[in-house]
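What follows is each chain in one-letter form.
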Amino acid sequence: MDIGKLSNKLGFSVNKIMVLTDENKDKGFTELRDGSITLASNLDAEIVSYDKSAISYLVNPYPSELHQKEYNKPLTQPELLVMGRQYLADEIRLYDSFGVKAKAILPTDHGFAHLASWAKKEEADIIMIPSSLVRPGLVSRLQGYTLDSLMAATDIPVL
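From a predicted model like this one, the values you see are computed outputs, not experimental measurements. (Residues numbered from 1 in each chain as written. Predicted model: local features only at pLDDT ≥ 70, side-chain atom pairs only at ≥ 80, totals over all residues. Heavy atoms only, no water.)

Some details on helix H2 (residues 27–43)
Right, so step 1: Its 17 residues give H2 an end-to-end C-alpha distance of 24 Å, which sits within 8% of 24 Å, the value for a rise of 1.5 Å per residue.
Right, so step 2: Listed in full, the buried residues belonging to H2 are Gly28, Phe29, Leu32, Arg33, Gly35, Ser36, Ile37, Leu39 and Ala40.
Right, so step 3: Note on H2: the residue one or two positions beyond its end, Asp44, has a positive phi of about 55 degrees. (Helix = DSSP H or I, 4+ residues; strand = E, 2+ residues; numbered from the N terminus. Expected span 1.5 Å × (residues − 1). Buried < 20%, exposed > 50% of the residue type's maximum accessible area, 1.4 Å probe, protein only.)

This is the structure:
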């Protein structure tokens with residue numbers, strides 16, 4: 001079933017969609033973003049991009065711990081540019097070009113449990129992940145990116 005048909009068959013209201021994203025290095029994330037544009041457009045929903053590539057064991061994505069508290073929210077395109085996240089600002093601009101309101105999150109922890117907590121905090125109605133993370137490789141599993149861990153951490157529907 002394609003995303004366009006799915007949007008007509010959901011059976012519940014969708015105002016906000018949490019979408020996992022990365023630095024556009026994986027084709028699966030590009031397809032996911034395209035599908036999220038279609039779904040959000042059809043449902044007149046907002047997008048919150050959760051940037052998996054922002055997470056590092058060595059470097060915090062925020063300028064300093066002081067600023068982390070200030071930016072502990074979905075970020076706008078100008079805020080992303082200030083933080084050197086051009087690729088993510090471009091993604092938000094792409095959503096905007098399709099008439100979809102969007103912001104982005106720079107998470108500080110690996111794993112779907114962290115994604116689930118952000119989705120709850122942002123009151124997301126759906127979480128979208130790429131099909132590649134339904135059966136992830138070893139590194140993703142070690143980082144906590146398994147469908148089982150996501151389903152255990154949230155009751156929000158997952159596409």
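Still to come is the rest of the account.
Examining the pattern of salt bridges
Right, so step 1: Under the defined criterion, the tally for this structure stands at five salt bridges.
Right, so step 2: With a shortest N-O distance of 3.9 Å, Lys101 and Glu46 are connected by a salt bridge. Of this pair, Lys101 sits in the loop between helix H5 (86–97) and strand S3 (102–105) while Glu46 sits in strand S2 (residues 46–51), placing them 55 residues apart in sequence.
Right, so step 3: A relative accessible area of 31% places Glu46 in the partly exposed class.
Right, so step 4: Glu79 is the salt-bridge partner of Lys73, the closest N and O atoms lying 2.6 Å from each other. (Salt bridge = Lys/Arg side-chain N within 4 Å of Asp/Glu carboxyl O.)

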